[in-house]
Amino acid sequence: MLSRPKPGESEVDLLHFQSQFLAAGAAPAVQLVKKGSRSGGDANPDRPPLRDHRDVVMLDNLPDLPPALVPAPPKRARPSPGHPLPEHEDPEERLNRHDKHITAVLTKIIERDTSSVAVNLPVPSGVAFPPVFHRSQGRQGKPATSGKKSIFAQEIAARRASEAKVPPVGEVASTLDPPEGAATCEALTPREQGSQLPWNSYSFQGPHLVTGKGLKSQEAEQEAQTIHEENVARLQAMAPEEILQEQQRLLAQLDPSLVAFLRSHSRTCEQAEEKATGEQRPGGRSAEVTGEEPIMPTSASEPRQEDELEPGAPALALPVTPQKEWLHMDTVELEKLHWTQDLPPLRRQQTQERMQARFSLQGELLAPSVDLPTHLGLHHHGEEAERAGYSLQELFHLTRSQVSQQRALALHVLAQVIGRAQVGEFGDRLVGSVLRLLLDAGFLFLLRFSLDDRVDGVIAAAVRALRALLVAPGDEELLDSTFSWYHGALVFPLMPSQEDKEDEDEDEEPPAEKAKRKSPEEGNRPPSDVARHDVIKGLLATNLLPRLRYLLEVTCPGPSAVLDILAVLIRLARHSLESATRVLECPRLIETVIQEFLPTSWSPMGVRPTLSLHRMPCAPAMKLLRVLASAGRNIAARLLSGFDLRSRLCRFIAEAPQDLALPPEEAETLSTEAFRLWAVAASYGQGGDLYRELYPVLTRALQAVPKELSSPSPQPLALQRAASLLTVLTQLTLAAGSTAPEPRSDSAEASLSSTPSSITWTQVSGLQPLVEPCLRQTLKLLPRPEMWTALGPVPTACLLFLDAYYQAWSQQPGLCPGDWLQDTERLSEELLLPLLSQPALGRLWHSLGCCSPLCNPQSCAPAPEALPSLVSLGCAGGHPPLSLAGSASPFPFLTALLSLFNTLGWIHKGLCGQLAAVLAAPGLQNYFLQCVAPVAAPHLTPFSAWALRHEYHLQHLALALAQRAATLQPVSATSAALYHGMALALLSRLLPGSEHLAHELLLSCVFRLEFLPEGASGGPEAADFSDRLSLGSGGDLGCERGTLLAQACQDLPSIRSCYLTHCSLARASLLASQALHRGELQQVPALLLPVAKEPLLPTDWPFLPLIQLYHRASDSPSGLPPADTVGTAMRALQWVLVLESWRPQALRAVPPAARLARLMCVFLVDSELFRETPIQRLVAALLARLCQPEVLPNLNLDCPLPGLTSFPDLYANFLEHFEAVSFGDHLFGALVLLPLQRRFSVTLRLALFGEHVGALRALGLPLTQLPVSLESYTAPPEDNLALLQLYFRALVTGALQSRWCPVLYAVAVAHVNSFIFCQDPKSSDEVKAARRSMLQKTWLLADEGLRQHLLHYKLPNSALPEGFELYPQLPPLRQQYLQKLISGVLQNGVSET
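Residues numbered from 1 in each chain as written. Predicted model: local features only at pLDDT ≥ 70, side-chain atom pairs only at ≥ 80, totals over all residues. Heavy atoms only, no water.

## Side note on the overall build of the chain
- A tally of regular secondary structure across the chain gives 59 helices and four strands.
- Here the chain holds 1393 residues, and 45% of them are scored as buried.
- Sequence-distant contacts in the chain: of pairs separated by 6 or more residues, those separated by 24 or more amount to 74%. (Helix = DSSP H or I, 4+ residues; strand = E, 2+ residues; numbered from the N terminus. Buried < 20%, exposed > 50% of the residue type's maximum accessible area, 1.4 Å probe, protein only. Contact = heavy atoms within 4.5 Å.)

## Quick word on the confidence of the model for the chain
- Mean pLDDT for the chain: 82, with 77% of residues reaching 70 or above.
- In the model, residues 166-203 has pLDDT below 50 throughout and makes 74 contacts with residues more than four positions away in sequence or in other chains.
- Here residues 277-314 scores under 50 on pLDDT; set against residues more than four positions off or in separate chains, the count is 26 contacts. (pLDDT = per-residue confidence, 0-100.)

## What to know about the pattern of salt bridges
- Evaluation of the coordinates by the stated rule reveals 39 salt bridges.
- Across the salt bridge formed by arginine 574 and glutamate 476, the nearest N and O atoms sit 2.9 Å from each other. Residue arginine 574 is located in the loop between α20 (559-573) and α21 (577-585), and its partner glutamate 476 is located in helix α14 (residues 475-481); the two are separated by 98 residues in the primary sequence. No difference in accessibility class separates arginine 574 from glutamate 476, as the two residues are buried.
- Of the charged contacts, one joins glutamate 476 and lysine 623 as a salt bridge, the two residues approaching to 2.7 Å between their closest N and O atoms. Taken together, the positions of glutamate 476 in helix α14 and lysine 623 in helix α23 (residues 619-630) put the pair 147 residues apart, joining distant regions of the chain. (Salt bridge = Lys/Arg side-chain N within 4 Å of Asp/Glu carboxyl O.)

## Here's the deal with the side chain of aspartate 1225
- Counting through the fold element by element, aspartate 1225 comes out in the loop between α51 (1207-1221) and α52 (1226-1233).
- Buried charge aspartate 1225 goes without a salt bridge, the closest partner of opposite sign being arginine 1171 at 5.2 Å.
- A polar side-chain atom of aspartate 1225 sits 3.3 Å from a polar atom in the side chain of glutamine 1176.
- Look past the residues within four positions of aspartate 1225 in its chain and what remains in contact with it is Phe1170, Gln1176 and Phe1218. (Lys, Arg positive; Asp, Glu negative; His and termini not counted. Polar contact = N/O pair within 3.5 Å; in protein donor to acceptor, adjacent residues only side chain to side chain.)

## Things to note about the side chain of histidine 1077
- By the secondary structure assignment, histidine 1077 is in helix α46 (residues 1067-1078).
- Histidine 1077 gets classed as buried once you look at its relative accessible area, which sits at 18%.
- For histidine 1077, the side chain forms a polar contact with the main-chain oxygen of serine 1073, separated by 2.9 Å.

## Things to note about the packing of aromatic side chains
- This structure, assessed with the given rule, holds 30 aromatic pairs.
- Between tryptophan 602 and phenylalanine 652, the ring centres sit 6.0 Å apart and the planes meet at 25 degrees, which makes this aromatic pair stacked. Residue tryptophan 602 is located in the loop between α22 (589-597) and α23, and its partner phenylalanine 652 is located in helix α25 (residues 645-654); the two are separated by 50 residues in the primary sequence. The exposure classification of tryptophan 602 matches that of phenylalanine 652, with both residues buried.
- Pairing phenylalanine 928 with tyrosine 979 gives two aromatic rings, centres 6.3 Å apart and planes at 90 degrees, and the pair type is edge-to-face. Of this pair, phenylalanine 928 sits in helix α39 (residues 922-932) while tyrosine 979 sits in helix α41 (residues 973-987), placing them 51 residues apart in sequence. Each member of the pair, phenylalanine 928 together with tyrosine 979, is buried. (Phe/Tyr/Trp six-rings, centres within 6.5 Å; stacked < 30°, edge-to-face > 60°.)

## Some details on the packing of helix α37 (residues 891-907) against helix α40 (residues 942-966)
- Where α37 contacts α40, the two axes come as close as 9 Å, and the packing angle between them is 30 degrees. Taken as axis vectors, α37 and α40 run roughly parallel relative to one another. When the axes of α37 and α40 are compared, the crossing they make is left-handed. Residues Phe891, Leu894, Thr895, Leu898, Ser899, Phe901, Asn902 and Trp906 of α37 form the contact with α40, whose participating residues are His950, Glu951, His953, Leu954, Leu957, Ala958, Ala960, Leu961 and Arg964.
- The residue makeup of the contact of α37 with α40, split by class, is 10 nonpolar, five polar and two charged. (Axes fitted to C-alpha atoms, helices over the stretch in contact; angles between N-to-C directions. Parallel < 35°, antiparallel > 145°, perpendicular 65-115°, else oblique. Left-handed = near helix turned anticlockwise from the far one by under 90°. Nonpolar A, V, L, I, M, F, W, Y, C, P; charged D, E, K, R; others polar.)

## A look at α22
- Counting buried positions over the nine residues of α22 gives seven, a clear majority of the element.
- Residues Leu589, Ile590, Thr592, Val593, Ile594, Glu596 and Phe597 constitute the buried set of α22.
- Each element contacted by the buried residues of α22 is listed here: α19 (544-555), α20, α21, α23, α24 (633-642) and α25.

## Focus on the environment of cysteine 1318
- Note on placement: cysteine 1318 falls in the loop between α56 (1302-1316) and α57 (1325-1339).
- Residue class for cysteine 1318 comes out partly exposed when judged on its relative accessible area of 29%.
- Residues cysteine 1318 and lysine 1328, spaced 10 residues apart in sequence, show a C-alpha to C-alpha distance of 9.3 Å.
- Contact partners of cysteine 1318, with chain neighbours within four places excluded, come to Arg1331 and Tyr1377.

## Quick look at the environment of cysteine 1005
- If you trace the backbone, cysteine 1005 turns up in the loop between α42 (995-1003) and α43 (1019-1029).
- Of the residues examined, cysteine 1005 reaches a relative accessible area of 2% and is grouped as buried.
- For the pair cysteine 1005 and histidine 980, spaced 25 residues apart in sequence, the C-alpha separation works out to 6.6 Å.
- Discounting chain neighbours no more than four positions away, the residues touching cysteine 1005 are Leu959, Gln963, His980, Ala983, Glu1000 and Phe1011.

## Let's talk about the environment of proline 1105
- Structurally, proline 1105 is set in helix α47 (residues 1104-1115).
- Sequence separation between proline 1105 and alanine 1132 is 27 residues, and the spatial gap between their C-alpha atoms is 6.3 Å.
- In contact with proline 1105, other than residues within four places in its own chain, are Cys1058, Tyr1059, His1062, Thr1128 and Ala1132.

## Remarks on unusual backbone geometry
- Between alanine 1275 and proline 1276 the backbone carries a cis peptide bond, its omega angle lying at -5 degrees.
- Mapped onto the secondary structure, proline 1276 falls in the loop between α54 (1271-1274) and α55 (1281-1293).
- The residue alanine 661 is not glycine, and still its phi comes out positive at about 55 degrees.
- Relative to the assigned elements, alanine 661 resides in the loop between α25 and α26 (664-683).
- If you check the backbone angles, phenylalanine 1223 has positive phi at about 55 degrees while not being a glycine.
- Structurally, the position occupied by phenylalanine 1223 is in the loop between α51 and α52.

Here you go:
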């Protein structure tokens, strides 16, 4: 017998088996049949049959090499032999003839008449699941089936066979069988006949199909019963033959599947009724469970009933009754069926305790008492199952689900919660911050992990949540709407202002060394630590940018996800220059954005929403490039040169928005962003070569602006585009007017900054006739507030263009000055001067106070969810119209108008007086009065810094115009004083980025004699007269104050030079600010301002030269004073005296204690400075001002002082210096005595009498020269026992005597006398013992004078030589107390101590 091949046999073995088989001649196990062709016949019937039908493998005929893999020839369809193709038939006619159109079917549909057909509603069954076949059911009597069939397949076949049989007539009322069967009355069982025939209608228990579901509860059962009775009556009135006929007619009309459903439903109801009837026993309990009964947990003490009850009867109340026949329900595990119970009743909160916040799927905060239906999907949680909504913890848990839909849903809900929290929707209903709680819980990194998910839906939800977290709603809209304002493109970086703890500890290190030492530490810090201080930096440390690039480039998400990713990238770019650089340098990120979302050609977009934004222009992509370019000129240059942005700008600017084959809004926004990107590039002097190519496009766009402005309802997007166009032209005009700067050899950017502009004045000189009509058109709408508000930034952009135009025109060296002078006169006479007389302009000036953030600090309140680690402007809720950022704000237009007036006044001196009349507007005067009033400045937040910067621009331009006018014509004293107070207030408020404005104020307004009218109108004499009338000042410590003030007015130029030297700002920041404000585009480094941590100058900037002198003297190792110390100190003291006398509101922000500390620094500089006569006179005058009755109560030495760590430490150094170098100087002594008043800390007095008691011999200040009253030292009585003992010891030992320290001698005598005669019963035993001891020692003193002073002291009196009055004899009470106390001493004696 031949063997079969086994596994592992080789091909040689198989060939050997084949040869044996052929040699044996055995019959094969299978027979090969050769099929014919597809046509059913043989293609070649004449071919002879094969001799051998066996397949034999011959290796000899096989080639050595495998055949080449070439594509097979294309198959060609062959016509069927029975249906040959006609040769001359038209294929189109053949297709039309055989076409089975849908109309051929629809036209044959005949609607069935359903007017007489009863509508049967489905009745809910009493079981949870359909009946399932159980294999334990008996199969006795069933014949065995042939073939291999499973039990389940046999049961299904049996059911189908039973359904195909003839149904009995007895099931007419309960079920309906398929129409194929024929029913006979003989087939009915007696039970079925009794339940079906009319004469046995009593067996109908109730309706099976009509239950009344959907009706009101009180009407449902009644209506169902009425219908049932009508049906029964109708059946009783019919003959059996009529019933059969009606049954056949119904079965012929109904669908077989519906008949089967109704039959199974009726059978289920009958089984349930039979089971319920069989389980009801006399005296037993019913197993029926109602869903309305409350579910009560079983007690632990009750025995378990599971083993005693039947499997089909559960012990707990469940919505359904588990049946024994159900799959895997042989043993009922009740603890696993708790989830099927109804929810417990909602608990009503009876106390005020806090409850866990729960949110809906839309992120809404649900009240604890709200009762929502379960079909909303808000009850799928374990804790507090009766409450609707999900807590943040449960949503976090859901984000880690294995089901992608649940992860996406959780991220979506969290994004909704964050969005509602940022707009302040939760208010005070929640305790704490939602964002802070989420970030502390690791939500930031949860989002980062979700971005790495494989499911697109989860990624889209994660990106949406990341955008909701990072991008505050309203911030981008605010920055976009103000882009065309005066320096509106300049913004502060949205990065935290506080530094790390390591930075705070290392402030004194050089910046370069600190950066070198900290760079490895920052690189090694985990992202969680970085994110705790800065969320953006923490995200960038997790490789977020490569992941976002991968999503855009590879996964190609939907439009919403793309927009979210671009929004996140924009927020990252606004963070800082470092973040913008990382976005730019991320591999293939910017290339992907430009290629995919800024293509030069694309398919037109239809009306329907697009399914993908790839290969479609997208406005946020253009905005991302604009924000990146704003971060620095180098980034802008790299974008223009390395990414072919010039072609993109030409593509989207050269074509009108309506011709871009995009949706109208998207086209307008894209064109606007293209103009803004070009404007940013032009701010650096770049992109000027595009102007020559796009000049016809720009002129056409300018000519269309007046038409758009004159329309009844101008489109906001079109107006934004027009304003952006004017901003581009403004920057190009400044570029044409700027000259090439001198290159700096020490700058790496010398080649870039020294590149001359590619635009000449000739190319832009023709734009002014096109822009001026736009301005005229806008000014016509000024009297109509609603139309004026709708214009947006267009009027502002027109004024700024004219400002840049005349500024550039006046700088052209080869042009005749008469041309621009004549044109400025024409513009003023025709347009500007008539504008000043319009009442509508006065209305704008009056609204300044209402919209000012400086006058309304509450308008700059931080956002409800503001976090230090995640900076935002907090514009989620929008801004009211009457606010600086509102739609009716007058600041942008008035700032641009003042800028134009300054330029025209600088060009044409003759127009300066006429244009300065705008400063006399009552609204502007009232606004200045509010700004110099003593109001609390708004807390410095990101939004307040942005808003205050724009307000300070208006104030500076108004002061600059006033200063120009003051040089040509006199200014009233009231206005001059107001302008000077405004300049001082503005100087102390300016923020980083405004260094040029601070420098200009120091050069012009602050130290200008025209703004100090008191110096020329009897101010010094009035100061002397005031000092003579003052009743609260002490003795004469110096000369007359009027002489000093007059001398200070003469020395104003020297004072200005001193402050320009000591208040100098960082040179790099000053040059950058000057380039921005002067229009020197080649020197502009970036449009990103420094971080606004604090104002440029400290609030005590008038004392800044004195503070610097003190620090230099302290840091000098040799102790030698710096050069010109006397001159610097004298100029600073002169200016402080001027401010104290004539501008006290300028020093209101400096506490009197801080002023005293600054004066003490003058004496600590060296040992000779305070001896100079000018210094002595100025310090004495300032000390007298500090001791005025209205100022002295505000002197508080116990509170923290700005710039001073501890006043007691300073006072200790002051005492040490006084003891060493004072030599009894009275002025020095007055400063030493001033902090020793009774109301100040006892630490200061203990420092003098404990550690520096030797200084008492130098404190020879007479009582008549004491700057304050003696009562401020003696009242109330001293209660510090240690100090009283030091007083007594200094008096007894002779260290403190009246002839060399009269003031403190009188003070010590007063306090010791008050202590020894005090009879307070509440005193402690220690104090009583010390009092008796001190009184006894006083009685036994050998110095009769001191004994007389201590015992007979009455009250202080600085007019007497001793400084106090004495009793001629002791009062009776004191005499009795003294006699009682010393009686024992006289008898027993006193031991020496």
